Amino acid sequence: MLKNILRTFYKDGHMRPQVSSFMKYMGPGLLVTVGFIDPGNWAANVAAGSTYGYALLWMVTLGTAMLILLQHNAAHLGIVTGYCISEAATRHLKPWVSRTVLSSAVLAAAATAMAEILGAAIALQMLFRLPIKIGALLTLVVVFTLILTNSYSRLEKFIIGFVSLIGLAFIFELVLVQIAWPRAAVGWVMPRIPQGSIPIVMSVLGAVVMPHNLFLHSEIIQSRQWHVEAEPVIARLLKYEFLDTLFSMIVGWGINSAMILVAAAVFFHAGTVVTDLVQAESLLRPLLGNAAATVFAVALLFAGVASSITAGMAGGSIFAGMFGEPYNSGDRHTRLGIGLTLVIGTAAIFAVDNPFNGLILSQILLSVQLPWTIFLQIHLTSSKKLMGKHANDRTGRVMLWAVAAVVVALNGMLLWSYLK
């Protein structure tokens, strides 16, 4: 696939004019990227790095590889059909099936929102000493206002800016620490599950492969109405979308990896297990200086606000799709979905005693719901009735079902770790 895509841009060693055209289609991938560099990822990755060093880096690699395949497949649906996953499920499945799966997806988006709003509140506590609950309410108001008063294109620009700043923040942190790069290189490619690490492994997986992002990607793509174009144009757009997804997911892989690398170099090396993001910031201060601690907190705030926006949008998209409607922030079903997602997420924060455990738990909940979203997506994108000649071929189905099998197996391991 990648070889054929690159031929679109190169001929006789020279870049074709299509490259400038491709740049116009950049954006959807980066918009969903922020969903897997959210505060839930921060909690999962800091826990992984501080407890197990570089040993769990492979989960970021595995999760990102699965994510590239799944996100491209979700966007594929939107480009070809003009429907998001939620709309397609409502139109092509029995109502009791679609409503059950989509209702669980709304709850998953709310669990995501809890982690993201909580992360922003923790950052506000670090920076301004605001109580967590006041910070959560402030974040809720800001995020809800931003979603309802901005278009897709403007929100894309906001999110791309946030992702860039978060990436720069972790480049700054990496410069300050000494990384054992040979051990890190092994950690990226060598699967290991240290004793007692299954909950953290699952939280890292849930933090990278997130069900609400699959719904959101298909929604953002279909909003551009590319399915009305001629067939050759659709074929080209599918290639552009893959490159957008590939680039964006690699950016996310780098930022997630940087979180584990910094935690391993600073906390694991010192023999300190981090159980709280506030603890992580306070420990960075004496070890790396005030600037490192402040950059950490500011980047966390950006991540919390940006990912809360995408969680709210995803919840609105899923809920509107249950009524056979596309996302429209001016429509009452979309607004109700956004409100339910953000309000349920914020209300859950008031019921959590330990914020760090709340972040970890939210990621585990996402990984438990994830197989149902994957099964739904594979069913829809493999349907010739829905996708026509763009339905998944045999190789695509095998790869997607392999991803589903890995996710289900890891979920089974998580359940077993709790039962034994």
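To start, this report covers the structure provided alongside it. Predicted, not measured: the structure shown is a model, and the values here were computed from it.

1. Digging into the environment of proline 211
Here proline 211 lies in helix 12 (residues 211–222). Given the relative accessible area of 1%, proline 211 is considered buried. As for proline 211 and alanine 109, which are separated by 102 residues in sequence, their C-alpha atoms are 7.7 Å apart.

2. A look at the layout of surface pockets
Here the second largest pocket is characterised by a volume of approximately 230 Å³. Along its surface, the second largest pocket is lined by 14 residues, and Gln178, Ala264, Ala265, Val266 and His269 are the ones closest to its centre. Counting residues per element, the ones that place at least two in the lining of the second largest pocket are helix 13 (231–268) and helix 14 (277–288). Sorting elements by how many residues they give to the lining of the second largest pocket places helix 13 first, with 4 residues. Partitioned by chemical class, the residues of the lining of the second largest pocket number 11 nonpolar, 2 polar and 1 charged.

3. So, helix 15 (residues 290–321)
Between its terminal C-alpha atoms helix 15 stretches 47 Å, which fits the 46 Å expected from 32 residues at 1.5 Å a residue. Counting buried positions over the 32 residues of helix 15 gives 26, a clear majority of the element.

4. Brief notes about empty space enclosed by the protein
Under the defined criterion, the tally for this structure stands at 1 cavity of 30 Å³ or more. Volume-wise, the largest cavity comes out at about 50 Å³. Lining the largest cavity, in full, are Val46, Phe170, Met259, Val262, Ala263, Phe267, Leu284 and Phe296. Sorting elements by how many residues they give to the lining of the largest cavity places helix 13 first, with 4 residues. Taken together, the residues that form the lining of the largest cavity break down as 8 nonpolar, no polar and no charged.

What counts as what
Residues numbered from 1 in each chain as written. Predicted model: local features only at pLDDT ≥ 70, side-chain atom pairs only at ≥ 80, totals over all residues. Heavy atoms only, no water. Helix = DSSP H or I, 4+ residues; strand = E, 2+ residues; numbered from the N terminus. Buried < 20%, exposed > 50% of the residue type's maximum accessible area, 1.4 Å probe, protein only. 1 Å grid on protein atoms, 1.4 Å probe; cavity = no way out; pocket = protein on both sides within 12 Å on 5 of 7 lines; lining within 4 Å. Points joined across faces, edges and corners; volume = space filled by probe spheres on them. Nonpolar A, V, L, I, M, F, W, Y, C, P; charged D, E, K, R; others polar. Expected span 1.5 Å × (residues − 1).

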